[in-house]
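# A look at the structure
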Amino acid sequence: MKDQQPLVTENILSTEEKDDIESIIDYRNDIAHSIEELVFDLNVDSYSKSHVKFAGKKYEHGVLERLKKYKELMYKRFSGKYVFEINMNSVLFAQAERTYLIELAKIDKKIRRLLELRKV
C-alpha cells in the first residue's frame, strides 16, 4: 500500500492509523534490507553480545500485533465499500505467512532463552 491518504479521505482510516501503518511499513522495509542486523545476536558468542549493544537493530515488540489489528480492521471497514480481488497470489502469500509465523515463534523462544542466559 503506497498511499493511504485516500483511505483517510474516505474515512476508512484515521490520520493516526495512517501514520502508524506508515511507521510499520518503514520498520518492515528497514529490517527487510538488513535482517542480519536484527538476528545476529541470536548467538551467545562474545562478539555478538558486544556488537548488539552498539550496532544491532532493535526489535520492536508489538509491531506484528499492530499490523494484524489493522488487517482485520481494514477488512471490516472495506466491506460494503470495496471489492476484494482473490487470486492465487493471496493463497501463496497466506502459506508463506504461516511459515514465517512458525519461524518467528521459534526465534521468539530462542530470544527468550538467550535473554535468560544473558541475565547471568
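Everything here concerns the structure above.
Read on for a plain summary of the structure. (Residues numbered from 1 in each chain as written. Predicted model: local features only at pLDDT ≥ 70, side-chain atom pairs only at ≥ 80, totals over all residues. Heavy atoms only, no water.)

### As for the pattern of salt bridges
Working definition: two side chains of opposite charge can pair if their charged atoms are close together. This model, assessed by the stated rule, comprises eight salt bridges. A salt bridge links Glu17 to Arg77, with the shortest nitrogen-to-oxygen separation between them at 2.8 Å. On the criterion of sequence distance, the pair formed by Glu17 in helix H2 (residues 15-32) and Arg77 in helix H5 (residues 63-78) is long-range, its members being 60 residues apart. By relative accessible area, Glu17 is classed as buried at 15%. (Salt bridge = Lys/Arg side-chain N within 4 Å of Asp/Glu carboxyl O. Helix = DSSP H or I, 4+ residues; strand = E, 2+ residues; numbered from the N terminus. Buried < 20%, exposed > 50% of the residue type's maximum accessible area, 1.4 Å probe, protein only.)

### What about the packing of aromatic side chains?
Per the stated rule, a full pass over the model turns up one aromatic pair. Lys69 extends its terminal NZ or CZ atom over the ring of Tyr70, reaching a point 4.5 Å from the ring centre. (Phe/Tyr/Trp six-rings, centres within 6.5 Å; stacked < 30°, edge-to-face > 60°. Lys NZ or Arg CZ within 6 Å of the ring centre and 35° of its normal.)

### Considering the packing of H2 against H5
Their axes nearest at 11 Å, the elements H2 and H5 cross at an angle of 130°. Taken as axis vectors, H2 and H5 run oblique relative to one another. Along this stretch, H2 crosses H5, giving a crossing that reads as left-handed. Seen from H2, the contacting residues are Glu17, Asp20, Ile21, Ser23, Ile24 and Tyr27; seen from H5, they are Val63, Arg66, Leu67, Tyr70, Leu73, Met74 and Arg77. For the contact of H2 with H5, a count of residues per class yields eight nonpolar, one polar and four charged. (Axes fitted to C-alpha atoms, helices over the stretch in contact; angles between N-to-C directions. Parallel < 35°, antiparallel > 145°, perpendicular 65-115°, else oblique. Left-handed = near helix turned anticlockwise from the far one by under 90°. Contact = heavy atoms within 4.5 Å. Nonpolar A, V, L, I, M, F, W, Y, C, P; charged D, E, K, R; others polar.)

### Thoughts on H5
Taking 1.5 Å as the rise per residue, H5 with 16 residues should run 22 Å; its terminal C-alpha atoms sit 22 Å apart, in good agreement. Where H5 is concerned, the buried positions are Val63, Tyr70, Met74 and Phe78. Buried positions in H5, seen along its axis, are confined to an arc of 50° and lie on one side of it. Across H5 from its buried face, at more than 90 degrees, point the exposed residues Glu65, Glu72 and Lys76. In the core, the buried residues of H5 are packed alongside helix H1 (5-9) and H2. Backbone geometry just downstream of H5 places Gly80 in the positive-phi region, at approximately 85°. (Expected span 1.5 Å × (residues − 1). Arc of directions from axis to C-beta.)

### Observations regarding the side chain of Gln4
You can see Gln4 is positioned in the segment before H1. Overall, Gln4 belongs to the buried group, its relative accessible area being 1%.

### So, the side chain of Glu17
In this structure the side chain of Glu17 is engaged in a polar contact, spanning 2.8 Å, whose partner is the backbone nitrogen of Ser14. Filtering out sequence-adjacent residues up to four positions away, Glu17 remains in contact with Ile12, Tyr70, Leu73 and Arg77. (Polar contact = N/O pair within 3.5 Å; in protein donor to acceptor, adjacent residues only side chain to side chain.)

### A word on helix H6 (residues 88-119)
Taking 1.5 Å of rise per residue, the 32 residues of H6 would be expected to cover 46 Å, and the 46 Å separating its terminal C-alpha atoms lies within 8% of that figure. With a side-chain oxygen lying 2.9 Å from the backbone nitrogen of Asn89, the N-terminal cap of H6 falls on Asn87.

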